[in-house]
Every structure is written in structure tokens, then in C-alpha cells.
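Remarks on the overall topology
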Amino acid sequence: MPELPEVETLRRSLIEPLVGRSLGDVTIHRGDLREPVDSTGLQSLAERRILALRRRAKYLLIDLSGEQTLAIHLGMSGQLTLVDRNTPKAKHEHLSVAVGEQRLRFVDPRRFGLVLALRSNDLSTDPHFAHLGLEPLTAEFDGDYLRARARGRRGPVKSFIMDAGIVVGVGNIYASEALYHAGIHPSRGVHRIATTRWNRLGRAIQRVLSEAIDRGGTTFSDFVDGYGRSGGNQPDLAVYGRSGEPCPGCSETIRRRVQGGRSTFYCPKCQR
Ligand SMILES: [Zn+2]
């Protein structure tokens, strides 16, 4: 499943070919994605100029002239790629938008993705975005923020950092990895974490996400960037998916447990 680093990699790959150009015709083959595609809304985006590409959580935001934003979420299996305009329609291609001699096409076998035409000024109050917590790769996000948000709460720290209302984009893989690097046991209650450990966790979350972006996204999914290129390197993960293997720090055997319905990997010696 594409996570924050994959969407950020996609965004960066599309800035150069898209910004400054204008959208052409919108073609919709199939509109029953996670939410029905608003055909009229999307058609109204034709002829608008692309001003900027942004990301909020796992949404790619394509800001257009006339205060419109095309928001795309890849869901479980979505791919957004730029191809020659006369490239035959791909299997599971649900819609595409012409951009000069090319077209930006959305392919999504499982159809959990979203393609939304929104007013740019309404993004912060739109129900897809209104509830979202901080972006992790910003100056405002740090250990103090996490500690403040944890005040008065209980429950395991792993669920806390995966709560999009607290911080966006910390998926299962990155939560396991960040907790390992911070030396915090995934089941530890948020009311039992000291300030220095919150600070370490804030930095660890930023580090694992930044490193994944530097690698060009992971290779877990069918992720490809805007040119159809897959993730750069094999993921360099310390604990995730490595149960039974030695911990890179202390050689203790890495364990797996199911927590909140998701697999969690940790070193019982390094993480307390
Ligand atoms: Zn260890």
C-alpha cells in the first residue's frame, strides 16, 4: 500500500513535467472508486493551468488556476503515471487527463483510490482533510507536540503514532521502525513515556520517513512514480518483516506480535 514516502516521491517526480502546463480533456472510463467520481466536477478542470503540486497526508494535491484543486489518493493499489497521449488504455485504467502530448492516467485494480475535484480554499474544512493531524516532516512536529497530544491519554504508543488525527503518514512499517530507533516498546502506554523518549521518537519518525523518501519509496507495493519507475532500493528496515532474525543492534531475536490487528515487529532487548 502506498504510504507517505511513496506519495511524496510521486509528487516530486511530477513537479517538473506538470507545473506550468494546462490540463486538457478528462476521460472517465469507470467512476466507482472508493467514492463515486464527480464527472461534472472533473470535466470542469479542463483547460486550467497547473500551479503547484502539494501533498497532504497521502493525498497528492494538484493546485489549478481558478482556485481548484485536483486531489488524488492512491488507496491500496493506485498508480498515477504520465504516458504518451496515444498510449492504449491500460487494464484497470479508470480515468485520465490530457496534458499537452501526454496524459496523466489513474490505474487502480482494487479501486480503493480517490479522485476529487475540490475548491482550493475549502481543503482545510473538507471532510477528507479536516480531521488530519500534523504533517510529520514539518518544524511544528516534534517530541513536545507528541507529549502534549498524549497528555490525559492511555493506550499503546504504536496505535498513538499511527492515529492520523495526531500525525499523518506513519503507517505500520514506519511505526515499527521508528519505535525501534527510539528504543520504545510498541506496547508501552503513552502515559508512561518520559520527555527525552518523546523527543527521540519525534526524531525517529522524521528519520525513517525522510530516508524512505530519499530511497524513492519502498518496494513493498506495486508503487511506481509518475514516470512508472518503481522504488529505488531494497528497503533498509531494521525490524519490520524480520521476526526470527537477529536485531541489528544487539543480536537478540526480533519478535512479531499482532497489535490492533496489525503485525508489529520489535526487539525485546532494545525496546522498553
Ligand atoms: Zn536489539
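Structural data are supplied above this passage.
Source: prediction; values computed, not measured.

1. Some words on the side chain of Glu8
Relative to the helices and strands, Glu8 resides in helix α1 (residues 4-18). On the basis of relative accessibility, which here comes to 5%, the residue Glu8 falls in the buried class. The contact partners of Glu8, leaving out residues within four places of it in the chain, are Arg55 and Ile213.

2. Looking at the pattern of salt bridges
Counting across every chain of the model gives 14 salt bridges. A salt bridge links Arg55 to Glu8; the nearest nitrogen and oxygen atoms lie 2.8 Å apart. A residue pair is termed long-range when its members are at least 10 positions apart, and Arg55 in strand β2 (residues 50-56) and Glu8 in helix α1 qualify at 47 residues. Per residue, the accessibility class of Arg55 equals that of Glu8, and both read buried. Residue Arg56 pairs with Glu135 through a salt bridge whose shortest N-O separation is 3.0 Å. Of this pair, Arg56 sits in strand β2 while Glu135 is found in the loop between β8 (114-119) and α3 (143-150), placing the two residues 79 residues apart along the sequence. Since its relative accessible area comes to 21%, Arg56 is described here as partly exposed.

3. Focus: the coordination of the zinc ion
All of the protein donors around the zinc ion are Cys247 (SG), Cys250 (SG), Cys267 (SG) and Cys270 (SG); their distances to the metal are 2.2 to 2.4 Å. Taken together, the four donor atoms surrounding the zinc ion define angles of 100 to 114° at the centre, an arrangement classified as tetrahedral. Donor residues binding the zinc ion come from one chain and are separated in sequence as C-x2-C-x16-C-x2-C. Taken as a pair, Cys247 in the loop between α6 (195-214) and β9 (255-259) and Cys270 in the segment after β10 (262-266) lie far apart in primary sequence, 23 residues in all. On the basis of relative accessible area, Cys247 is assigned to the buried category, the value being 3%. Using a relative accessible area of 29% as the deciding quantity, one classes Cys270 as partly exposed.

4. Considering the packing of α3 against α6
Axis separation between α3 and α6 bottoms out at 7 Å; the angle between their running directions is 120°. It follows from the interaxial angle that α3 and α6 lie oblique. As for the relative orientation of α3 and α6, their crossing is right-handed in sense. Along the contact surface, α3 presents Gly143, Asp144, Leu146, Arg147 and Ala150, while α6 presents Thr195, Trp198, Asn199, Leu201, Gly202 and Ile205.

5. Describing unusual backbone geometry
Positive phi outside glycine occurs at Glu47, with the angle close to 75°. Tracing the backbone through its elements, the reader meets Glu47 in the loop between α2 (39-43) and β2. In the Ramachandran plot, Ser251 falls in the positive-phi region, its phi being about 75° despite a non-glycine side chain. Note on placement: Ser251 falls in the loop between α6 and β9.

6. Notes on α1
Here α1 is 15 residues long and its end C-alpha atoms lie 20 Å apart, about the 21 Å a rise of 1.5 Å per residue gives. Burial of α1 is extensive: twelve of the 15 residues sit out of reach of the surface. Here α1 has its buried residues at Leu4, Pro5, Glu6, Val7, Glu8, Thr9, Leu10, Arg11, Ser13, Leu14, Pro17 and Leu18. Remark: Gly20 follows α1 within two positions and exhibits a positive phi of approximately 100°.

7. Examining the layout of surface pockets
Space inside the largest pocket adds up to approximately 370 Å³. Around the largest pocket, the lining is made up of 21 residues, and of these Met1, Lys58, His73, Ala164 and Gly169 lie nearest the centre. Counting residues domain by domain, the lining of the largest pocket receives three or more from each of domain 1 (4-125) and domain 2 (143-266). Estimates place the volume of the second largest pocket at around 170 Å³. Lining the second largest pocket are 13 residues, and of these Glu177, His181, Asp236, Leu237 and Ala238 lie nearest its centre. Contributing elements (two or more residues each) for the lining of the second largest pocket: α5 (172-182) and α6. Broken down by element, the lining of the second largest pocket gets its largest block of residues, four residues, from α6.

Reading the values: the criteria
- Residues numbered from 1 in each chain as written.
- Predicted model: local features only at pLDDT ≥ 70, side-chain atom pairs only at ≥ 80, totals over all residues.
- Heavy atoms only, no water.
- Helix = DSSP H or I, 4+ residues; strand = E, 2+ residues; numbered from the N terminus.
- Buried < 20%, exposed > 50% of the residue type's maximum accessible area, 1.4 Å probe, protein only.
- Contact = heavy atoms within 4.5 Å.
- Salt bridge = Lys/Arg side-chain N within 4 Å of Asp/Glu carboxyl O.
- Donors = N, O, S within 2.8 Å, 3.2 Å for Na, K, Ca; no water.
- Tetrahedral: all angles 85-135°; square planar, octahedral: opposite > 155°, others 65-115°.
- Axes fitted to C-alpha atoms, helices over the stretch in contact; angles between N-to-C directions.
- Parallel < 35°, antiparallel > 145°, perpendicular 65-115°, else oblique.
- Left-handed = near helix turned anticlockwise from the far one by under 90°.
- Expected span 1.5 Å × (residues − 1).
- 1 Å grid on protein atoms, 1.4 Å probe; cavity = no way out; pocket = protein on both sides within 12 Å on 5 of 7 lines; lining within 4 Å.
- Points joined across faces, edges and corners; volume = space filled by probe spheres on them.
- Domains from an automatic or database assignment.

Function cannot be inferred from these measures alone, as they are strictly geometric.
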